[in-house]
Amino acid sequence: MLFAASTSRPESEFAYFRALREWLPEPFFQTQPFLIFFAVVAGVYWLTPRRWKTVRVWWLVIASFHFYAAWSAELAFLVGATTVADFLLARLMDRTANPRGRRAILLTSIGMNLGILAYFKYKNFFLGSLNALFETAGVPGSFDTLNILIPFGISFYTFEAISYAVDVYRGKIKAERSLPHFLLFILFFPHLVAGPIVRAGDFLKQTRRIKRWNWVRVQVGVQHFLLGVFLKLAIADRMALFCDGLPPGYDGPLHKPGDYSTASVWLAVMAYALRIYADFAGYSHMAIGLAHLLGYRLNKNFDMPYLAPNVAEFWKRWHISLSSWLRDYVYIPLGGNRGGTWATNRNLMLTMALGGLWHGASWSYVLWGVIHGALLIGHRQFRAWSETQPTLKAALESGLGTVLRIAVTFAAVSFAWIFFRPDLAGSWAVLERMFAFVPGKPLDLNNRSLWYTVLFVLACQVIVRFGVWQRIWAKAPPLALGMGYATCLTLAMLLAPPVGKTFIYFTF
Amino acid sequence: MAILAPAPRKRTSISLPLSAAVWGPGGEVPSKRRTQSARSVLIGLLSLVGFHLGFGAYAEHNPKRKDPTFGDKFDKLAARSDGRPLVLMLGSSRTLLGFHAGQVEGELPGVRAFNFGTPASGPITHRVYLRRLLDAEVVPALLLIEVLPPALADGADGPGEQLFLTGERLSSSEVDLVARFGFREDRVRSAWRDSVYAPASALRFQFLGRAVPSWIPWNLRGDWSRNTDAHGWATPPRQTVTPEERYERTANADAEYRATLAVTTPEGRPMRALAELLALCRERGIRTRVIAMPEAPTFRRLYPDGLSDRIAKSLEVVANANGAGFSDARHWLAEEDFYDGHHLFRAGAEGFTRRLTAEAIRPHFAGGAK
């Protein structure tokens, strides 16, 4: 598999947590144990009288802690401890009038969060790179890498904690006074594992509101959840069969490209583009849906990114919570677009390279970010030039021109996905095969279902893009909608492949 | 600046891009809309439960749908029903490839012959299948039962057959039946329960394998019984192998069976299932014959010392005790008749069927059918 399952972790020393793990073996929302867990959590939550809102918040904090502790109790305590530290540091910052003192506290908070992130996620990457550097210079590398477990979701909640500290420092928000509210902001289980990355300003005010049962919200939550399940089971996991190959060998075109024909590798790259979208958007929809079912709103994370007519637009629609975070906390502090063309391009490249590294501790992810940086810079230059070419501009903005731009953007983004994997050598092997134009094995599964799935997703996106689905949703009778929900879930179950895959973003 | 330039923050809808229409100008939700939402969700839930329970109940009473390996053969058998006495052979993939039922009909036009061989099956599966056939009022005049020696394996965790005859292929009463013969009841019951309460998931390969077979890997389609001739017999697409291929296939058979044969015993629970099956046939007046299928010399060397003969002896004893005959065909064919030491090519199948017809089938119909 391109991405190994993230569930291999040591047994806890405590029988309680071992039993918890047996009850909730995987932190995947579409699994039966999780749905039972959620039903218990939501049931107790809504049965708690609404005037006891702090009890409700504590209940969700406890549930979230257990959700994480089922995976690793020790790391759950670590995440809990750093969250308390972030809470206390922000309170201290709020009380400190001296700008230098505030700055020192901010740096302490950021340093703590980045330090933990660097230790768990990047230590081996940095040590391995140093070893390689020494070896290139003819000196044997002597840094031993560690076999440590990376806490799931660490990249997500680290960014949430950093943005909170920065916002408090900037005076954009006041430091949260309630520990349970702050704990819930970081630990809230629907977004804990893989986002969306929430902002304190959006979330904390929701913890203070009294939550009332709202059927419209429940319906919206159910819709999001079902859409997410469908995207994950029926699209992402199905596309994985074309990329990873079939069990038990998983020797698919993206693993052993040398065995497959050039055409098969091209198809697998397209399938991978669809898979990664459906996988992450599916997870995000499930997270948003679960949050709604508990009365919370998480911001939209995807907005039909493959219909974007250029790469800049793509990044406004793909992983929106990350791209807006990078914009607000990296790109703008670097100077944004305020320093002329060269400085803007430099800032773009740095931001995207950092965004690549955020995804994974490997040079291939950095290269992926650099490719996107280059595409964004290229788009900026082309757009500036096309402003001086009215005929070309008009042609590109016509209907046909827009379709062409969407196709080119999809091709460019799909090309970049080749590097979105931990091993650079594997990416080169795929690339080499794509342009070798040689015969070889066909795909392991008849590619008819690949094409039908691509067309289905495209049709759905076009229907939503032109507002047809919104009109249906507003006017359809409850009977039709209800049966539609049942059909959606049934189809997702039917089309799920034999072996479920972990979420790609769980490994980040 | 495009992507990373600050954008004005919009009020984010709480819903999919599709549901903005529910909210009124002031953010208030009309009560009619709330009622409709409640109805939509509850109808969705009821539809889901209703659909699954309905589909589950339908599958529970239609073993052909739950178990297409059985269902496809049954349909072929039913399509050839014409009143002639039926010679039916239950068995494993050895039977599937080795018993040329159409040839039997050529030699004995007065009988109808059918190959009910299914891969990886042993006495417990045959017991289940015979019950289904009798329930459907399919009563053979002569029943041939192949016993696959590795299917007699009976380890501490239960008979090896339970890896293949999984719970979702069974009905509730069949779960009780296989549990009596050592299947892990918790596992098999759990899989059966999933097939009843969540059939869209548990029976998806059965369904997709019939509706859109190209959408699932070939090994999940359950095509073994579909890709046979009208008499239930199948033969490999190629009828020769190179020495290298034969060596490789025999090595595969070695890897697949040596460990299993080490825990194979003629005294285990699968043998009890065979005895019970034979007793049932006797009770129903069905003439029965137990068959030990041909094996190549290379395959026979996989058995621990004396095991093959002990199994054959035990089969003969249990057959005789229940009024059935026994045909020991282990040595009937030569190495080149097999493509991997125990599965037959067409020529091997024809040779085996010819001799089986002469020695075991024809005598049963000596008075009537020719």
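Residues numbered from 1 in each chain as written. Chains lettered and ligands numbered in written order. Predicted model: local features only at pLDDT ≥ 70, side-chain atom pairs only at ≥ 80, totals over all residues.

> Explain the overall build of chain A residue by residue, including any values.
Per the secondary structure count, chain A includes 21 helices and zero strands. For chain A, the C-alpha radius of gyration of 24 Å lies close to 23 Å, the compact-globule estimate for 508 residues. Projected onto its principal axes, the C-alpha positions of chain A cover 65 × 65 × 55 Å. Counting all 508 residues of chain A, 46% fall into the buried class. (Helix = DSSP H or I, 4+ residues; strand = E, 2+ residues; numbered from the N terminus. Rg over C-alpha atoms; globule rule 2.2 N^0.38 Å. Buried ≥ 20, exposed ≤ 12 C-beta atoms within 10 Å, placed from the backbone.)

> Give me the domain arrangement of chain A: which residues, what numbers.
Residue and element names in this part refer to chain A. For chain A, the assigned domains read domain 1 (15–213), domain 2 (214–302 + 437–508) and domain 3 (306–435). On a C-alpha basis, the centres of domain 1 and domain 2 stand 28 Å from each other. Contacts between domain 1 and domain 2 engage 21 residues on the former and 22 residues on the latter. Here the element with the most residues in the side of domain 1 that touches domain 2 is helix 2 (residues 32–47); it accounts for three residues. Residues of the side of domain 1 that touches domain 2, tallied by class, amount to 13 nonpolar, five polar and three charged. (Domains from an automatic or database assignment. Contact = placed C-beta atoms within 7 Å. Nonpolar A, V, L, I, M, F, W, Y, C, P; charged D, E, K, R; others polar.)

> If you had to explain helix 13 (residues 320–334) of chain A to someone new, which residues and values would you point to?
Residues and elements named next belong to chain A. In a regular helix each residue adds 1.5 Å, so 15 residues correspond to 21 Å; helix 13 covers 20 Å between its end C-alpha atoms and thus fits that length. Where helix 13 bends most, the angle comes to about 40 degrees, and this point is R327. Taken residue by residue, helix 13 has I320, S321, L322, S323, S324, W325, L326, R327 and Y331 as its buried positions. Contacts made by the buried residues of helix 13 are with helix 6 (154–170), helix 12 (311–317) and helix 14 (340–359). (Expected span 1.5 Å × (residues − 1). Bend = angle between axes of the 7 residues up to and from the residue.)

> Help me get a handle on the packing of helix 12 (residues 269–284) of chain B against helix 14 (residues 307–321) of chain B, residues and values and all.
Residue and element names in this part refer to chain B. It is at 9 Å that the axes of helix 12 and helix 14 come closest, and there the two elements cross at 30 degrees. Classified by the angle between their axes, helix 12 and helix 14 sit roughly parallel to one another. Once helix 12 is placed against helix 14, the crossing between them reads as right-handed. Across the interface between the two elements, M271, L274, A275 and L278 from helix 12 touch S314, V318 and A319 from helix 14. Broken down by class, the residue content of the contact of helix 12 with helix 14 amounts to six nonpolar, one polar and no charged. (Axes fitted to C-alpha atoms, helices over the stretch in contact; angles between N-to-C directions. Parallel < 35°, antiparallel > 145°, perpendicular 65-115°, else oblique. Left-handed = near helix turned anticlockwise from the far one by under 90°.)

> Summarise the interface of chain A and chain B; cite the residues concerned and give the values.
Tallying the contact residues gives 54 residues for chain A and 39 residues for chain B. Only helix 10 (215–244), helix 12, helix 13, helix 14, helix 15 (363–386), helix 19 (448–465), helix 20 (468–475) and helix 21 (478–495) of chain A provide two or more residues apiece to the side of chain A that touches chain B. With 11 residues, helix 21 of chain A is the single largest residue contributor to the side of chain A that touches chain B. In terms of residue class, the side of chain A that touches chain B is made up of 30 nonpolar, 16 polar and eight charged.

> Account for the packing of helix 4 (residues 73–95) of chain A against helix 7 (residues 179–187) of chain A, naming residues and giving values.
Residues and elements named next belong to chain A. Where helix 4 contacts helix 7, the axes come no closer than 10 Å and their chain directions differ by 125 degrees. Classed by the angle they form, the pair helix 4 and helix 7 counts as oblique. As helix 4 runs across helix 7, the sense of the crossing is right-handed. Counting all contacts with helix 4, which are made through V79, T83 and F87, the residues of helix 7 involved are L179, F182, L183, I186 and L187. Looking at the contact of helix 4 with helix 7 residue by residue, the class counts come to seven nonpolar, one polar and no charged.

> Tell me about unusual backbone geometry, residues and numbers included.
Its identity is not glycine, yet A:M304 carries a phi of approximately 50 degrees, on the positive side. Topologically, A:M304 is positioned in the loop between helix 11 (262–293) and helix 12. Residue B:E137 is not a glycine yet carries a positive backbone phi of 65 degrees. Overall, the presence of 6 C-beta atoms within 10 Å leaves B:E137 in the exposed class.

> Go over the sheet that holds strand 7 (residues 325–328) of chain B, please, and point to the residues and values.
All names here are of chain B. Sheet architecture is open: five strands sit in the order 2-1-3-6-7, paired in parallel fashion. Strands at the two margins of the open sheet, each flanked by one partner only, are strand 2 (112–117) and strand 7. Adjacent strand axes in the sheet meet at a mean angle of 20 degrees when their direction is disregarded. Bridge count between strand 1 (residues 86–91) and strand 2: six bridges; the pairing is parallel. What sits directly across from L90, in strand 2, is F116. Docked against the sheet, helix 14 engages strand 6 (287–292) and strand 7, running at close to 160 degrees with respect to strand 7. (Pairing = 2+ DSSP bridges.)

> Mind laying out the environment of A:K232, listing which residues take part and the relevant values?
All names here are of chain A. Summarising the element assignment, K232 is placed in helix 10. Once the C-alpha coordinates of K232 and L392 are considered, the two residues, 160 residues apart in sequence, prove to be 40 Å apart. Residue contacts for K232: discarding those within four places in its chain leaves Q30, D237, A278, D279, G282 and Y283.

> So what about the confidence of the model for chain A? Which residues, and what values?
Averaged over every residue, the pLDDT of chain A is 88; residues scoring 70 or more account for 95%. In the model, residues 1–7 of chain A has pLDDT below 50 throughout and makes 14 contacts with residues more than four positions away in sequence or in other chains. (pLDDT = per-residue confidence, 0-100.)

> Any chance you could break down the environment of A:G138 for me, citing the residues and the numbers?
Considering the arrangement of structural elements, one finds A:G138 in the loop between helix 5 (99–136) and helix 6. C-alpha of A:G138 to C-alpha of A:W363: the two residues are 225 residues apart in sequence and 21 Å apart in space.

> Describe the environment of A:I371, naming the residues involved and giving the relevant values.
By secondary structure assignment, the location of A:I371 is in helix 15. Measuring from C-alpha to C-alpha, the distance between A:I371 and A:A416 comes to 6.5 Å, with 45 residues separating the pair along the chain.

> Which residues make up the nonpolar core, and what are the values?
Note that soluble globular proteins tend to have their nonpolar side chains buried in a common cluster. In this structure, A:M239, A:F242, A:A268, A:A271, A:Y272, A:A273 and A:A492 are the most contacted members of the largest nonpolar core, which totals 142 residues. No other element matches helix 11 of chain A, which puts 21 residues into this core. Counting 70 residues, the second-largest nonpolar core is a separate cluster that includes B:M89, B:L97, B:L274 and B:F345. (Core = buried A, V, L, I, M, F, W, Y, C linked by C-beta atoms within 7 Å.)

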